[in-house]
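The chain contents come next:
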Amino acid sequence: MLDEDQGCAVLTRVFNARGYQVERDVPFEEGTVAFTADGWDAASRVGFEYLTHAAGDHRDLTPDEIETLAARMEQGELFLFIIDERQVDTADDLEWAAQRFLDEVQRRRDAAAQASS
Amino acid sequence: MSQRWVDAQEVMRLARAQIPVLMAERRRIQAASAQHQVQLKALHGEIYKAWEYLATVLVPGIVPENLEWASRLLSLPPIGAQAVQAAMVQDRDRLQATMANLDDNDDYVHREARLNACSIHLTELAESIAPLQDALSLYHSLPHWDELLDSGYGTDAYAGKWYTLSYYQHWKYGDQAVAALGEQFGVKTFAELRARYEQEKAAWDQLVTSRTEYQRQQHAVQSAVQQYTEAERHLANLASRHLSRVRGVVIEHLSPLGRDQLAKMLASYETGLVALKRLDGLEAKYRYLEITHQRWVLEPAAGIEKALRKAQRDLVKLQRPKHVYRRFPSADIERRFMDRQPKWDKRWTRYQDSRTRLIGFDDYGTYDFDDATPWWSVMTGDAVKARFIPEVAVYYEHRSATKQHSQEDHEQQAFAAVASAADYDDGRDDFDDMS
């Protein structure tokens, strides 16, 4: 089981290897959504967020905020990989999932570009 | 007069020597306690049998004459002939009704055919269920299989979101499942694998439902057969069961009554009186064994334990440097370490002698309910004095007072002479001050 720090390190490495410039603990405040993203590339609008269950952790997203972000992701406005810390088994699994997520981001962006051209 | 002193080394030597003596006494106490429990258990069984025997002589049979006589003698209407006869008729009618109902019950009427059919079906079902069970076990042995099923993965109902980790995990687990079983089952996607599983699971569910139904039918038939057999047996034993019940009512009625009251009730019935004497004697014997064990074994045991603890504690304490030059009054030490073996032996002799006499006693017929002499005196011949038993103390006091006021009474004189000759001591219990 990976803890949040270990998981974020894996994700930062994978995202950066795919060409993103991810920074850690970036304040995100857009519309009704305000939280500190565990990893965020402000230019590409791609990042990740670890949902923790520790008591008193106020940085996490609320269900309403996740719903708002999900709608914006479906529109292609931003892409945030959401990880429930209880579901992370190994670094390999996390890396595999992150690669597939970034593949999907790329696919969606390509499709949007084709549609607009 | 100057006081004499004993040094710590001497106290330690005495304590060291005392410990094995105390341990040996402790073992003797433990052995006596174990034997006591065995004897009590045996006696408890004898008392139970004595009650049964008393009830048997009071109600020898279920015939009306016996019942009417016992009912009047014991002032117990529920065991009168009419009441018992009514209870038997009611019981018989109930049992016959049960059997008649079962004779109309399809499960009972066709019991053999149904049991055979159930047995055949259950065997066939077991043969069909086994391979499906093995196949289902294969699926369930896959990691996260249940999670994939619960999430709906591989169906249109799957609600996983592409931006969450769990979505990709289900993807990976699904691929692993197909890699593990796909070739064996001829499927290429998780949806196909899942469909195959659900098909096999549905077949398994259907077979298990059938099995449950046949098991229920089998149980219903077996239950009907058992009910019929029991009713038949109870009907065949109707008289003996009610005789046992009546005797039970008699015992329940007599148990709380005082033995003197019972003796008066049975005064005109010699056989009943003899049975009562045996019962009363056995109960007294049980009581005496408990009281003497408490007095002559358990109470001294506490003193032995206390002395042992003190000796062992002193051995540790007096080895410390600050106690090396400590001295103790000689008189105290002599009193503490005096040889108590003779006193213990005397107590054990008293204990064993009284027990031998109590347990060996079997002449219950000699007891007289009208005489004040307690069972203790009858059983032991007063060879061992036990004033700590309340009824014995009362008897001795009464006898002593009578003796003082009736010096001319020859019978009392003779009694006293016999008792005196048999006494081992002055009758006081003076043992075991170990402190």
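One can find the structure itself at the top, above this paragraph.
The sections below set out a description of the structure shown in this document. (Residues numbered from 1 in each chain as written. Chains lettered and ligands numbered in written order. Predicted model: local features only at pLDDT ≥ 70, side-chain atom pairs only at ≥ 80, totals over all residues. Heavy atoms only, no water.)

**So, the overall build of chain A**
Here is step 1: For chain A, the count of helices and strands is three helices and four strands.
Here is step 2: Residues classed as buried in chain A amount to 44% of the 117 residues present.
Here is step 3: Summarising the internal contacts of chain A: among those between residues at least 6 apart in sequence, 62% fall at separations of at least 24.
Here is step 4: Carbon and sulfur atoms form 48% of the exposed surface of chain A, whose accessible area is close to 6100 Å². (Helix = DSSP H or I, 4+ residues; strand = E, 2+ residues; numbered from the N terminus. Buried < 20%, exposed > 50% of the residue type's maximum accessible area, 1.4 Å probe, protein only. Contact = heavy atoms within 4.5 Å. Areas by Shrake-Rupley, 256 points an atom, 1.4 Å probe, with all protein chains shown as cover.)

**Topic: the interface of chain A and chain B**
Here is step 1: At the interface, 21 residues of chain A touch 11 residues of chain B.
Here is step 2: With both sides pooled, the region where chain A packs onto chain B buries about 1400 Å², and carbon together with sulfur makes up 67% of that total.
Here is step 3: The three residues of chain A that bury the most area against chain B are Gln87(A), Asp93(A) and Trp96(A), which together make up 34% of that side's buried surface.
Here is step 4: The salt bridge involving Lys172(B) is made with Asp93(A); its shortest N-O contact spans 2.6 Å.
Here is step 5: Of all the elements in the fold, those that place two or more residues in the side of chain A that touches chain B are α2 (63-74), β4 (79-84) and α3 (91-116) of chain A.
Here is step 6: The element best represented in the side of chain A that touches chain B is α3(A), accounting for nine residues.
Here is step 7: Grouping the amino acids of the side of chain A that touches chain B by side-chain chemistry returns 12 nonpolar, one polar and eight charged. (Buried area = accessible area lost by both parts, 1.4 Å probe. Salt bridge = Lys/Arg side-chain N within 4 Å of Asp/Glu carboxyl O. Nonpolar A, V, L, I, M, F, W, Y, C, P; charged D, E, K, R; others polar.)

**What to know about the nonpolar core**
Looking at soluble globular proteins, one finds that nonpolar side chains tend to be buried together.
Here is step 1: Counting 85 residues, the largest nonpolar core has Leu54(B), Leu58(B), Leu74(B) and Leu254(B) as its most contacted members.
Here is step 2: A total of 17 residues in this core trace back to one element, the largest contributor, which is helix α1 (residues 8-58) of chain B.
Here is step 3: Once residues lying within four places of it in the same chain are set aside, the contact partners of Leu74(B) are Leu58(B), Ile79(B), Val250(B), His253(B), Leu254(B), Met265(B) and Leu266(B).
Here is step 4: Phe79(A), Ile82(A), Ala97(A) and Tyr163(B) belong to the second largest nonpolar core, which has 39 residues in total. (Core = buried A, V, L, I, M, F, W, Y, C linked by side-chain atoms within 4.5 Å.)

**Here's the deal with helix α13 (residues 341-360) of chain B**
All names here are of chain B.
Here is step 1: Between its first and last C-alpha atoms α13 spans 28 Å; for 20 residues at 1.5 Å apiece the expected length is 28 Å, and the two agree.
Here is step 2: Looking only at α13, the buried set comprises Trp 344, Arg 347, Trp 348, Arg 350, Tyr 351, Asp 353, Ser 354, Arg 355 and Leu 358.
Here is step 3: Where α13 is buried, its residues meet α1, α11 (270-317) and α14 (375-380). (Expected span 1.5 Å × (residues − 1).)

**As for the packing of aromatic side chains**
Here is step 1: Throughout the structure, instances matching the rule amount to 32 aromatic pairs over all chains.
Here is step 2: Measuring from ring centre to ring centre gives 5.2 Å for Phe28(A) and Phe35(A), while their planes differ by 40 degrees; the resulting arrangement is tilted.
Here is step 3: Note on Phe28(A): relative accessible area 5%, which makes it buried.
Here is step 4: Ring centres 4.7 Å apart and planes at 80 degrees place the aromatic pair Trp69(B) and Tyr269(B) in the edge-to-face group. Taken together, the residues span a long stretch of sequence, with Trp69(B) in helix α2 (residues 64-74) and Tyr269(B) in the loop between α10 (259-265) and α11 at a distance of 200 residues.
Here is step 5: Over the face of the ring belonging to Trp348(B) we find Arg347(B), whose NZ or CZ atom lies 4.9 Å from the ring centre. (Phe/Tyr/Trp six-rings, centres within 6.5 Å; stacked < 30°, edge-to-face > 60°. Lys NZ or Arg CZ within 6 Å of the ring centre and 35° of its normal.)

**Here we look at the pairing of strand β3 (residues 46-51) of chain A**
Residue and element names in this part refer to chain A.
Here is step 1: Counting buried residues in β3 gives six out of six residues, a clear majority hidden from the surface.
Here is step 2: Side-chain alternation along β3 places Val 46, Phe 48 and Tyr 50 on one buried face and Gly 47, Glu 49 and Leu 51 on a second face that is also buried.
Here is step 3: Pairing of strand β2 (residues 33-41) with β3 involves three bridges; the strand directions are antiparallel. Each bridged residue has a counterpart across the sheet, and for Trp 40 the counterpart in β3 is Gly 47.
Here is step 4: Counting the residues in the hairpin turn of β2 and β3 gives four residues, including Arg 45, whose phi is positive at 60 degrees. (Pairing = 2+ DSSP bridges.)

**Quick notes on the packing of helix α1 (residues 4-17) of chain A against α3(A)**
Residue and element names in this part refer to chain A.
Here is step 1: Close contact between α1 and α3 brings their axes to 10 Å; oriented N to C, the two are set at 40 degrees. What the angle tells us is that α1 and α3 run oblique. Here α1 and α3 pass one another in a crossing that is right-handed. Residue-level contacts link Gly 7, Val 10, Leu 11, Arg 13, Val 14 and Phe 15 of α1 to Ala 91, Leu 94, Glu 95, Ala 98, Gln 99, Phe 101 and Leu 102 of α3.
Here is step 2: Considered class by class, the residues forming the contact of α1 with α3 number nine nonpolar, two polar and two charged. (Axes fitted to C-alpha atoms, helices over the stretch in contact; angles between N-to-C directions. Parallel < 35°, antiparallel > 145°, perpendicular 65-115°, else oblique. Left-handed = near helix turned anticlockwise from the far one by under 90°.)

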